[in-house]
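Chain by chain, the residues:
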Amino acid sequence: MKKSIIIFFTVLGVLCSAQNFKTKRGIISLDGVHVAKIANKSNIYTFMDLNDTPMYTIEFIDKSIVDSVRDSYIKLNRVYNRDKTIELDYISPSAFSGEEKSAVYTSIKGLKIIDNKGINIKNLDEIFKNVPKRKLDTKTKDAYTTRSKIDKMNIEVNKVGEIISNGVPVGYFTNLPVSFGSEDTITDKTFVDIEIYDAKSKYIGRYITTTKQLKTAGGKTFTIYREMSGRASVLKFPTYKAIAERLAIMDPNFIKIQDKVTVGPVSKETSN
């Protein structure tokens, strides 16, 4: 009983000492006292002192890394010293908080650059001197590793279905529709699979349009699209480039050709 009472009053003390903030009509209040101002333009939030002098900006970034993995973070920039922009994690008071509320909450609770005296320039400058490391989970780290590998391959698909890596033909697609375009998304469900071969006409794998699955010659399978909750859904309709990139990751031996070779014929068949 005594232990429970101690825990209760400890929690109560934390709640009572916690700072309450409010943003109304662009004015940020902390424990009922006006401490700063905020304005939003093109999704960039500018924080100002009470004299309307801009001090720093926060921009929210939400991007797809690869497949279903997305990364959300903020870019912090000082208005009076724009030589450096840093990327940081942000925090929100709740799962339903909008960007403005999250920007203010991060400034107060996370970065501690707004306090009961206003915008703390000393703390703001200290963040830029000793930039906090982002806390990425394993899934996100792995996605960035995969993205780095893909970017180094510099894969493109030309207008006749050839797959190019760093300027060198490395493979080609077959069973392409007549209306094929290298940046087109594959939306049609056809009974003929889209197949991929390397530059020496060796079969690499296929994309099954009915199931949105990639299958390599070695038996590996990857589903391009599956329903997921929230905005982090897997790419629904992939481009031919996206398929080539994923196959290159699934089969590391696919893109290793250094010398230009003659690419096999590209079939452009129409499937009903």
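Remember, predicted model here, so these are calculated numbers, not experimental data.

K.L.:
What's the story with the overall build of the chain in this structure? I'm lost.
P.N.:
The secondary structure content of the chain amounts to 5 helices and 16 strands. For the chain, the residues scored as buried account for 39% of the 272 residues in total. For the chain, contacts bridging at least 24 residues in sequence account for 48% of all contacts bridging at least 6. Approximately 16100 Å² of the chain is accessible, and the part contributed by carbon and sulfur atoms is 51%.

K.L.:
Any chance you could explain the confidence of the model for the chain here in plain terms?
P.N.:
Low-pLDDT portions of the prediction should not be read for the details of their coordinates. The predicted model of the chain averages 83 in pLDDT, with 82% of residues at 70 or higher. Under a pLDDT of 50 for its full length, residues 257–272 has, in the predicted model, 42 contacts with residues more than four places off or in other chains.

K.L.:
I'm lost on unusual backbone geometry in this one. Help?
P.N.:
Trans is the prevailing form of peptide bonds, just as negative phi is the prevailing case for residues other than glycine. Located in the positive-phi region is Asn43, a residue other than glycine, with phi close to 65 degrees. Along the polypeptide, Asn43 turns up in the loop between strand E3 (33–41) and strand E4 (44–48).

K.L.:
Hey, could you run me through the pattern of salt bridges in this one?
P.N.:
Opposite charge on two side chains lets them pair, provided their charged atoms get close. As enumerated under the stated definition, the model contains 10 salt bridges in all. Linking Glu156 and Lys241 is a salt bridge whose minimum nitrogen-to-oxygen distance equals 3.6 Å. Here Lys241 lies in helix H5 (residues 240–250) and Glu156 lies in strand E10 (residues 155–157), a separation of 85 residues in the sequence. Assessed through its relative accessible area of 23%, Lys241 is described here as partly exposed.

K.L.:
Before we go on, may I ask you to explain the sheet that holds strand E12 (residues 168–174) in this structure?
P.N.:
Picture the strands of a sheet paired through backbone hydrogen bonds; they go either parallel or antiparallel. Here we have 7 strands laid out as an open sheet, ordered E10-E11-E12-E13-E14-E15-E16, and antiparallel in their pairing. Across the chains shown, the open sheet's two edge strands, defined by having one partner strand only, are E10 and strand E16 (221–223). Direction aside, neighbouring strands of the sheet carry axes that sit 20 degrees apart on average. The pairing of strand E11 (residues 162–165) with E12 spans 4 bridges and is antiparallel.

K.L.:
I would appreciate a short explanation of the nonpolar core in the present structure.
P.N.:
The tendency in soluble globular proteins is for nonpolar side chains to be buried as a group. By size, the foremost hydrophobic cluster in this structure holds 26 residues, and its most contacted members are Ile28, Phe47, Tyr56, Ile58, Leu76 and Ile114. Listed by contribution, the elements that provide at least two residues to this core are strand E2 (27–30), E3, E4, strand E5 (54–66), strand E6 (69–78), strand E7 (81–88), helix H2 (99–110) and helix H3 (121–129). Broken down by element, this core gets its largest block of residues, 4 residues, from E5. Residues in contact with Ile58, not counting those within four places in the same chain, are Asn43, Ile44, Tyr45, Phe47, Ile74, Lys75, Leu76, Ala103 and Ser107. Among the nonpolar cores identified, the runner-up in size contains 24 residues, and Ile163, Ile196, Ala244 and Leu247 belong to it.

K.L.:
Even after reading the chapter, I still don't get the packing of helix H4 (residues 138–153) against H5, so can you show me in this structure?
P.N.:
Between two packed helices, the angle of one axis relative to the other and the distance separating the axes together describe the packing. The geometry of H4 relative to H5 is characterised by a closest axis approach of 10 Å and an angle of 115 degrees between their N-to-C directions. Taken together, H4 and H5 sit at an angle that is classed as roughly perpendicular. Like other packed secondary-structure pairs, H4 and H5 cross with a definite hand, here right-handed. Mapping the contact onto sequence places Thr146, Arg147, Lys149, Ile150 and Met153 in H4 and Glu245, Ala248 and Ile249 in H5.

K.L.:
Before we go on, may I ask you to explain H2 in this structure?
P.N.:
What sets the pattern is the α-helix's 3.6 residues per turn: residues three or four places apart point alike. Its 12 residues give H2 an end-to-end C-alpha distance of only 15 Å, which falls more than 12% under 16 Å, the value for a rise of 1.5 Å per residue. Taken together, the buried positions of H2 are occupied by Ser102, Ala103, Val104, Thr106, Ser107 and Ile108. Just past H2, the residue Lys112 takes up positive phi, approximately 55 degrees.

Calculation notes
Residues numbered from 1 in each chain as written. Predicted model: local features only at pLDDT ≥ 70, side-chain atom pairs only at ≥ 80, totals over all residues. Heavy atoms only, no water. Helix = DSSP H or I, 4+ residues; strand = E, 2+ residues; numbered from the N terminus. Buried < 20%, exposed > 50% of the residue type's maximum accessible area, 1.4 Å probe, protein only. Contact = heavy atoms within 4.5 Å. Areas by Shrake-Rupley, 256 points an atom, 1.4 Å probe, with all protein chains shown as cover. pLDDT = per-residue confidence, 0-100. Salt bridge = Lys/Arg side-chain N within 4 Å of Asp/Glu carboxyl O. Pairing = 2+ DSSP bridges. Axes fitted to C-alpha atoms, helices over the stretch in contact; angles between N-to-C directions. Core = buried A, V, L, I, M, F, W, Y, C linked by side-chain atoms within 4.5 Å. Parallel < 35°, antiparallel > 145°, perpendicular 65-115°, else oblique. Left-handed = near helix turned anticlockwise from the far one by under 90°. Expected span 1.5 Å × (residues − 1).

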